[in-house]
Amino acid sequence: MKGVEAHDKCRVLIDRLRELGRVVIAFSGGVDSTFLLKAALEALGPDRVLAVTADSETYPERERREAVELARELGSPHLLIQTRELEIPGYAENPVDRCYFCKQELFSHLIPLAKQKGYDHVIFGAIADDLGDHRPGLRAAVERGVRAPLQEAGLTKAEIRQLSREMGLRTWNKPSFACLSSRIPYGERITLEKLTMVDRAESFLMALGFRQVRVRQHGTLARIEVEPGERERLVAAADEVTAQLKAIGYTYVCMDLQGYRTGSLNEMLAPVGSRRSVSGGAEEG
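Residues numbered from 1 in each chain as written. Predicted model: local features only at pLDDT ≥ 70, side-chain atom pairs only at ≥ 80, totals over all residues. Heavy atoms only, no water.

As for the overall build of the protein
So, point 1. Along its length, the protein carries 10 helices and 7 strands.
So, point 2. In the protein, buried positions account for 54% of the 285 residues.
So, point 3. Considering only contacts in the protein between residues 6 or more positions apart, those separated by 24 or more positions represent 72%.
So, point 4. Looking at the protein as shown, the accessible area adds up to about 12,400 Å², and 53% of this sits on carbon and sulfur atoms. (Helix = DSSP H or I, 4+ residues; strand = E, 2+ residues; numbered from the N terminus. Buried < 20%, exposed > 50% of the residue type's maximum accessible area, 1.4 Å probe, protein only. Contact = heavy atoms within 4.5 Å. Areas by Shrake-Rupley, 256 points an atom, 1.4 Å probe, with all protein chains shown as cover.)

Structure follows, in structure tokens:
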């Protein structure tokens, strides 16, 4: 029955996309935005779709390269634009609604671009799961009239992964993605140096074969989150990992015993009983 429900929601998505006409898609190359781009291309055709990827200090280089490759594989028109989140007033101070400023910056580029090129709507990859977590970016989308067709169709992350696999998208089992700023606790100032350290540390761990990984930066302490099944392997590589992360600039290196979960830094915002502790949520955190 779950498969049937997912396909029903997918049909709703296709109908909703056709109603939107010509669309610009905020495209990160993650699980959700790749599925949205594929669906839009099928519903509207490449002449009515434009994927746009924001390249900034908060966006890992490996993700930018993959976004370019995915758009090419799907046959979508694609643009790279430059955004400067660290220059947005209030962003670097890292308030709890930091993502609001980020999405406002992104949409402030995409909306004029869409109008200039004759597109009817800007859309992005928010999903049904996002409604149950701290997502200030959704507020920015509502204020700017940016649509979230996956969310409107009620599609969850699990359903999107299932449908992506059936469609042959190689992103169906891609680890959840989030901007590098999400590794720094609210209230700690975001700097280019910190973002670079996190990017280098995570890239090193991924090169060792860790699939889903976060390096949360608390001052000069690196708190590593990996999936529960990979904790023993991380312990076995402790000496190598510690040496490399200290070379990057960390004083202390530790492993989070709870393991990877989306938005773990949001836990400071919620009562203990309502904290989420599962992986595989939206492309944030």
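Having put the structure on the table, let's press on.
Description of helix α10 (residues 238-248)
So, point 1. Within α10, burial applies to Val241, Leu245 and Ile248. With its buried residues spanning 50° around the axis, α10 presents them on a single face. Across from the buried face of α10, at angles greater than 90 degrees, the exposed residues are Asp239 and Ala247.
So, point 2. Two residues or fewer past α10, Gly249 is found with a positive phi of approximately 140°. (Arc of directions from axis to C-beta.)

Side note on the pattern of salt bridges
Once their charged atoms are close, side chains differing in charge can pair, the charge on each being opposite to the other.
So, point 1. Taken as a whole and assessed by the stated rule, the structure comprises 29 salt bridges.
So, point 2. Ionic pairing is found between Glu230 and Arg233, a salt bridge with its closest N-O pair at 3.1 Å.
So, point 3. A relative accessible area of 14% places Glu230 in the buried class.
So, point 4. One network of salt bridges, in which partners are shared, links Glu63, Glu66, Glu69, Glu73, Arg170 and Lys174. (Salt bridge = Lys/Arg side-chain N within 4 Å of Asp/Glu carboxyl O.)

A look at the packing of aromatic side chains
So, point 1. Enumeration over the complete set of coordinates arrives at 3 aromatic pairs.
So, point 2. Ring centres of Tyr100 and Phe101 lie 5.9 Å apart, and the angle between their planes is 80°; on these two criteria the pair is classed as edge-to-face.
So, point 3. The exposure class assigned to Tyr100 is buried, which follows from its relative accessible area of 14%.
So, point 4. We classify Phe101 as partly exposed; its relative accessible area is 23%.
So, point 5. Ring centres of Phe107 and Phe124 lie 5.6 Å apart, and the angle between their planes is 80°; this geometry places the pair in the edge-to-face category. A residue pair is termed long-range when its members are at least 10 positions apart, and Phe107 in helix α4 (residues 98-117) and Phe124 in the loop between β4 (121-123) and α5 (136-144) qualify at 17 residues. Per residue, the accessibility class of Phe107 equals that of Phe124, and both read buried. (Phe/Tyr/Trp six-rings, centres within 6.5 Å; stacked < 30°, edge-to-face > 60°.)

A short note on the confidence of the model for the protein
So, point 1. Per-residue confidence for the protein gives a mean pLDDT of 90, with 89% of residues at or over 70.
So, point 2. Low pLDDT, under 50, characterises residues 271-284; the stretch is placed with 46 contacts to residues that sit more than four places away or in other chains. (pLDDT = per-residue confidence, 0-100.)

Some details on the sheet that holds strand β5 (residues 213-218)
So, point 1. Pairing in this open sheet of 3 strands is mixed, and the strands run β5-β6-β7 from one edge to the other. Since the sheet does not close on itself, it has two edges, and those belong to β5 and β7 (252-255), each with one partner. Each adjacent strand pair in this sheet contributes to an overall mean axis angle of 25°, direction not counted.
So, point 2. Two strands pair when backbone bridges link them, and strand β6 (residues 221-226) and β7 are joined in this way by 4 bridges, in the parallel orientation. Following the sheet pairing, Leu221 is matched in β7 by Tyr252. (Pairing = 2+ DSSP bridges. Axes fitted to C-alpha atoms, helices over the stretch in contact; angles between N-to-C directions.)

Structural notes on the environment of Arg48
So, point 1. Checked against the element boundaries, Arg48 lands in the loop between α2 (31-44) and β2 (49-55).
So, point 2. If we ignore the near neighbours within four places in the chain, the residues touching Arg48 are Gly21, Arg22, Val23 and Tyr119.

Digging into the packing of α2 against helix α7 (residues 157-167)
So, point 1. Interaxial distance between α2 and α7 falls to 10 Å at its minimum, and their mutual angle equals 55°. Here α7 runs oblique to α2, going by the angle between their axes. Classified by chirality, the crossing of α7 by α2 is left-handed. For the pair α2 and α7, contact is made by Val31, Asp32, Phe35 and Lys38 and by Lys157, Ile160, Arg161, Leu163, Ser164 and Met167, respectively. (Parallel < 35°, antiparallel > 145°, perpendicular 65-115°, else oblique. Left-handed = near helix turned anticlockwise from the far one by under 90°.)

Looking at the pairing of strand β3 (residues 78-82)
So, point 1. Strand direction decides the pairing type here: β2 and β3, joined by 5 bridges, are parallel. What sits directly across from Ala51, in β3, is His78.
So, point 2. A crossover links β2 with its parallel partner β3, the connecting element being helix α3 (residues 61-74), and its sense is right-handed. (Right-handed = clockwise from strand over helix to strand, strands pointing away.)

Things to note about the environment of Cys179
So, point 1. With respect to the helices, strands and loops of the structure, Cys179 is situated in the loop between α7 and α8 (192-207).
So, point 2. As a C-alpha pair, Cys179 and Thr58 span 121 residues in sequence and 5.5 Å in three-dimensional space.
So, point 3. Here Cys179 is in contact with Thr58 and Tyr91, once residues within four sequence places are set aside.

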